[in-house]
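These are the residues of each chain, in order.
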Amino acid sequence: MSVHKEIKKVTTHVLQEMKQRGEKISMLTAYDYTMAKIIDNSGIDVILVGDSASNVMAGHETTLPITLDQMIYHASSVIRAIDRALVVVDLPFGAYQANSKEALNSAIRIMKESGAHAVKLEGGREIKESIERILTAGIPVMGHLGLTPQSIYKFGTYTVRAKEADEAERLIEDAKLLEQFGCFALVLEKIPADLAEKVSKNLHIPVIGIGAGGGVDGQVLVTHDMLGMTHEFNPRFLRRYLNLYESMGNAFKQYIKDVKSKDFPNEKEQY
Ligand code: KIV
């Protein structure tokens, strides 16, 4: 008889409890099975199948080109690897902006075809109907305010958002509204730390920051950035835990050398 160790899965309710007891929430991105397996086994709370896959995996300049089908492919690969983490999937650009019915259909496709646990949408009051309609189908929604990369062509830059009082005020109001609409959590990207802390203190739902300081309820980073696999993206908020760009490059160079010199394979590495 095999004995299975009970793994306590992270749910939206668990995240709420973590906020209440002041335990910080850890979140990282993943887009494929192997990376998701390593991250989940390390004990992460939330895995985000971010539309940053458009940049990181496909090499696009923005997040706009990635499609719903591609997000579902990434999400289903991640889901097959997961034992514990809550998996949240970005609704990509063009999959929810037209109307709330389209938003609901996109969210249903993600949940049904990938097995994910929740979806994330960028925006505030302007996507009220979409959020509420998705929630009526029982699909948990995470909000995203501050720097919203799907609107890059509206803003023109990736600089810090909500530095001016009127934009900060609007962000505070939007955050409150997202909570009222029923979002279970909120991502705040690249805004001043004191503003992010104020939002977090004003809300009952967990606030997860990226470039939003330490006064929020959790942190998210793009995994390929924190592992140092990407090397041209150097924002102040990014802490690199490894320099994989260099160490992987060295491994590849060594392999090429070994093949060329006929050092690989040796006698023990053949049949
Ligand atoms: O797509 C993504 O990776 C994200 C995070 C930066 C929050 O939305």
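What counts and what doesn't
- The numbering scheme is per chain: residues are counted from 1 as the chain's sequence reads.
- A pLDDT threshold of at least 70 governs which residues receive local features in this predicted model, and a stricter bar of 80 or more applies before side-chain atom pairs are shown or counted, although totals over entire chains, interfaces and linings include all residues.
- Calculated side-chain values reflect all of the structure's heavy atoms, with hydrogen atoms and water omitted.
- A run of H or I in DSSP counts as a helix once it spans at least four residues, and a run of E counts as a strand once it spans at least two, with each numbered from the N terminus.
- Throughout, radius of gyration means the C-alpha value; the globule benchmark is 2.2 Å times the number of residues raised to the power 0.38.
- Under the scheme applied here, a residue whose accessible area is under 20% of the maximum for its type counts as buried, over 50% as exposed, and between as partly exposed, the area being computed with a 1.4 Å probe on protein chains only.
- Buried Ala, Val, Leu, Ile, Met, Phe, Trp, Tyr and Cys residues form a nonpolar core when they are joined through side-chain atoms within 4.5 Å.
- By the convention used here, residues are in contact when the closest approach between their heavy atoms is within 4.5 Å.
- A pair of strands counts as paired when DSSP detects no fewer than two bridges linking them.
- Note on geometry: axes are lines fitted to C-alpha atoms, helical ones only across the stretch in contact, with angles between N-to-C directions running from 0 to 180 degrees.

**Student:** What is the right way to read the overall build of the chain from this model?
**Tutor:** Broken down by element type, the chain carries eleven helices and eight strands. Relative to its length of 271 residues, the chain is compact, with a C-alpha radius of gyration of 20 Å against a globular reference of 18 Å. Each of the three principal axes of the chain carries a C-alpha extent, and together these read 65 × 50 × 40 Å. Classification of the 271 residues of the chain by burial places 48% in the buried group.

**Student:** I keep staring at the nonpolar core and nothing clicks. Help me out?
**Tutor:** Looking at soluble globular proteins, one finds that nonpolar side chains tend to be buried together. Residues Ile47, Val119, Leu121, Ile134, Leu186, Leu188 and Val199 are the most contacted members of the largest nonpolar core, which totals 63 residues. In this structure leucine 121 touches Leu91, Tyr96, Ile127, Ser130, Ile131, Ile134, Val141, Met142, Gly143 and His144, once residues within four positions along its chain are discounted. Of all hydrophobic cores here, the second largest spans 18 residues; its members include Val14, Met18, Leu86 and Ile208.

**Student:** Got a minute to help me understand the sheet that holds strand β6 (residues 185-189) in this structure?
**Tutor:** Adjacent strands of a sheet pair through backbone hydrogen bonds, lying either parallel or antiparallel. Spatially, β1-β2-β3-β4-β5-β6-β7-β8 is the arrangement adopted by the eight strands of the closed barrel, whose pairing is parallel. Between one strand and the next, the sheet's axes are offset by a mean angle of 25°, whatever the strand orientation. Looking at chain direction, strand β2 (residues 46-49) and strand β3 (residues 86-90) are connected through four bridges and run parallel. The partner of isoleucine 47 across the bridge, within β3, is valine 87.

That is the geometry; function is a separate question.
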